[in-house]
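In case you want the letters, here they are:
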Amino acid sequence: MKAYASAFFLFAIFLFPQMYAQDYAKLLSEYKKPELLRYALTMDAALGGYLRYDKDADGDSGIIFRTYRTGTINGDISFDLSRYRNTPRIQSNDYIRLDVSGNYYESELKETGFDLYKSTRETYRYRNNLSAGHTIRYYPGDFVFYGAMPRGNYGSNHYESVNTSHYEVADDSREKSENYRSELSFVIPLEIGIGRIEEITDMRQAIFIVEALVDAGRISRAPSEEEMRDFAELISELKNERFFDSRLRRIKELKVIDSFLKDNSLLAKNDATYFSTLTDIWDFGREFIRSSGFRAGLVVSGGHRIEYYRNTNDYSRFSSRVNDSNIEAGIRFSWEIPVSLSWQHSFYSSFYFNRHSVNKKDEDPYSKNVTGLNGIDVNLSHTIGYYPNTRT
């Protein structure tokens, strides 16, 4: 009797959960996202600052002989517009980003005594950066692709400082300095290759949801591989939908997932444990991006960069300009292997020949400097990633 009890205990602990187990590596490796087209606009803004006032006074008389005041205000705003497209023939990702920030700082020091002394310092700084890029891979068949990845960037940084000193018994002094730097760059890589890498995060989350409900005793049977693929595709489509109200979005997502489980007769019991488990994994079970597949290609790339720098003050002025042209050609290889729900192998290698032609010139007509640089870049990496369930 004890032997039968022990055998039943081992079955319940070790074998029963395996009734629901799938070949996770196979499900992850074979998953392909459905056709998706998504636009997203993100805006971030921040405003901050501080004001500080200090004074030093004589301990006996209480007469103030030094005051110091300082304050700053800074602001940042950014816009990010992106477009993502995934079809059997096209993988593309486009973006436009604008970042603008500014800072103003002011300080004032006053000293009284035999002579009156006052000094002030003001600084202004503002930065802006505009970048855009377009990545597309076109698959005329199932294996070979043609790709292009043009991208460009413009950024500038302006800094200005004014220092003023006032003496009761001497002439005032004022010093001003200014720094300005800007950079414009673009690069146009063209690629022909084989293979495709797919994002499989949604399949991983689908498996996590099923596993959590199995552990909670709320799944009636093991879902088939086809049902798991349908479930993952449903999750991909839900994440692709846009809502202005995050509360309404979350309500719809949970209702759709609940309907899928019920329509496929997968739900054993509908209660608070079920909904709390589903909500928990839906909200927190998708924190890591996972991928699967391999891609290899021949790449030819050309680009150019222009940098301008200027520094001026009350006594001097200096400016310089740099033109940097770059031509590159080589091969690269990427391979993403999801070994399990938690483990991932990532391989990357590349081999490039490149040539830089750098032309640097400042205000001195004899300072022109032209440099040609030839190089070989070799990269080889193997990353072992561990991605735990974020709810453990």
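S.K.: I keep staring at the overall build of the chain and nothing clicks. Help me out?
M.R.: From N to C terminus, the chain includes six helices and eleven strands. Burial statistics for the chain: of 392 residues in total, 33% are counted as buried. Across the chain, every contact between residues at least 6 apart in sequence was considered, and the portion connecting residues at least 24 apart equals 71%. Within the structure as shown, the chain displays about 23,600 Å² of accessible surface, and the carbon and sulfur contribution to it stands at 57%.

S.K.: Can you help me understand the nonpolar core in this one?
M.R.: For soluble globular proteins, the rule of thumb is that nonpolar side chains tend to be buried together. Met 203, Ile 207, Ile 209, Phe 231, Ile 257, Leu 261 and Trp 282 are the most contacted members of the largest nonpolar core, which has 31 residues in total. Broken down by element, this core gets its largest block of residues, eight residues, from helix α3 (residues 201-215).

S.K.: When you look at the packing of aromatic side chains in this model, what are you seeing that I'm missing?
M.R.: Any pair of aromatic rings gets described here by the distance separating the centres and the angle formed by the planes. Per the counting criterion, the structure on display carries 13 aromatic pairs. On the basis of an interplanar angle of 45° and a centroid distance of 5.2 Å, the ring pair of Tyr 104 and Tyr 124 is categorised as tilted. One end of the pair, Tyr 104, is in strand β3 (residues 90-111); the other, Tyr 124, is in strand β4 (residues 117-138), with 20 residues separating them in the sequence. Ring-pair connections join several aromatic residues into one group, and the members of that group are Phe 143, Phe 294, Phe 333, Trp 335 and Phe 347. Geometry around Tyr 95 places Arg 97 over its ring, the cationic atom sitting 4.2 Å from the centre. Across the ring face of Tyr 139, the terminal group of Arg 196 is positioned such that the distance to the ring centre comes to 4.9 Å.

S.K.: It is not clear to me how the layout of surface pockets should be interpreted in this structure. Could you clarify?
M.R.: If you roll a probe as big as a water molecule over the atoms, it shows you where there is empty space left. Of the voids in this model, the largest pocket is the one considered here, and its volume is about 770 Å³. Lys 33, Tyr 84, Asn 93, Glu 199 and Ile 289 are the residues nearest the centre of the largest pocket, which is lined by 29 residues in total. Take the lining of the largest pocket: its biggest share by element is four residues, from strand β2 (residues 64-86). Tallied by class, the residues present in the lining of the largest pocket amount to six nonpolar, ten polar and 13 charged.

S.K.: Teacher, can you tell me more about the pattern of salt bridges here?
M.R.: Two side chains of opposite charge can pair, provided their charged atoms sit close to one another. A complete count under the given rule lists 25 salt bridges for this structure. The shortest N-O distance in the salt bridge between Glu 30 and Lys 26 comes to 3.3 Å. Taken together, the residues span about one helical turn, with Glu 30 and Lys 26 both in helix α2 (residues 24-30) at a distance of four residues. On the accessibility criterion, Lys 26 (33% relative accessible area) is partly exposed. A salt bridge links Lys 33 to Glu 199, with the nearest nitrogen and oxygen atoms 3.8 Å apart.

S.K.: What is the right way to look at the side chain of Ser 161 in this model?
M.R.: Note on placement: Ser 161 falls in strand β6 (residues 151-167). Since its relative accessible area comes to 4%, Ser 161 is described here as buried. Engagement of the side chain of Ser 161 in a polar contact is seen with the side chain of Arg 121, the distance being 3.5 Å.

S.K.: I tried to follow the packing of α3 against helix α4 (residues 225-240) on my own but got confused; where do I start?
M.R.: Any two packed helices are characterised by the angle at which their axes cross and by the distance between the axes. The interhelical angle for the contact between α3 and α4, taken along N-to-C directions, is 115°, at an axis separation of 8 Å. The handedness of the crossing between α3 and α4 is right-handed. In this structure, α3 uses Asp 202, Met 203, Gln 205, Ala 206, Ile 207, Ile 209 and Val 210 to contact α4, whose residues at the interface are Met 228, Arg 229, Phe 231, Ala 232, Ile 235, Ser 236 and Lys 239. Grouping the amino acids of the contact of α3 with α4 by side-chain chemistry returns nine nonpolar, two polar and three charged.

S.K.: I'm lost on helix α6 (residues 272-284) in this one. Help?
M.R.: Over its 13 residues, α6 runs 18 Å from end to end, which matches the ideal 18 Å to within 8%, given 1.5 Å per residue. Residues Tyr 274, Thr 277, Leu 278, Thr 279, Ile 281 and Trp 282 constitute the buried set of α6. The secondary structure elements touched by the buried residues of α6 are α3, α4 and α5 (246-263). Structurally, the start of α6 carries an N-cap: the backbone nitrogen of Thr 273 is 3.3 Å from a side-chain oxygen of Asp 271.

S.K.: What am I meant to see in the packing of α4 against α5 here?
M.R.: Between α4 and α5, whose axes approach to 11 Å, the crossing angle comes to 165°. As summarised for this structure, α4 and α5 are arranged roughly antiparallel, according to the angle between their axes. α5 is crossed by α4, and the crossing has right-handed handedness. Across the interface between the two elements, Glu 227, Asp 230, Phe 231, Leu 234, Leu 238 and Lys 239 from α4 touch Arg 249, Glu 253, Val 256, Ile 257 and Phe 260 from α5.

S.K.: What is the right way to read the confidence of the model for the chain from this model?
M.R.: In low-pLDDT segments, the atomic positions of the prediction should not be examined closely. Taken residue by residue, the chain gives an average pLDDT of 85. The fraction at 70 or more is 87%. When mean pLDDT is compared element by element in the chain, strand β5 (residues 144-148) scores highest at 96, while helix α1 (residues 2-15) scores lowest at 41. Overall, residues 1-21 carries pLDDT values under 50, and its contacts beyond four positions in sequence, including any with other chains, amount to nine contacts.

Calculation criteria
Residues numbered from 1 in each chain as written. Predicted model: local features only at pLDDT ≥ 70, side-chain atom pairs only at ≥ 80, totals over all residues. Heavy atoms only, no water. Helix = DSSP H or I, 4+ residues; strand = E, 2+ residues; numbered from the N terminus. Buried < 20%, exposed > 50% of the residue type's maximum accessible area, 1.4 Å probe, protein only. Contact = heavy atoms within 4.5 Å. Areas by Shrake-Rupley, 256 points an atom, 1.4 Å probe, with all protein chains shown as cover. Core = buried A, V, L, I, M, F, W, Y, C linked by side-chain atoms within 4.5 Å. Phe/Tyr/Trp six-rings, centres within 6.5 Å; stacked < 30°, edge-to-face > 60°. Lys NZ or Arg CZ within 6 Å of the ring centre and 35° of its normal. 1 Å grid on protein atoms, 1.4 Å probe; cavity = no way out; pocket = protein on both sides within 12 Å on 5 of 7 lines; lining within 4 Å. Points joined across faces, edges and corners; volume = space filled by probe spheres on them. Nonpolar A, V, L, I, M, F, W, Y, C, P; charged D, E, K, R; others polar. Salt bridge = Lys/Arg side-chain N within 4 Å of Asp/Glu carboxyl O. Polar contact = N/O pair within 3.5 Å; in protein donor to acceptor, adjacent residues only side chain to side chain. Axes fitted to C-alpha atoms, helices over the stretch in contact; angles between N-to-C directions. Left-handed = near helix turned anticlockwise from the far one by under 90°. Expected span 1.5 Å × (residues − 1). Parallel < 35°, antiparallel > 145°, perpendicular 65-115°, else oblique. pLDDT = per-residue confidence, 0-100.

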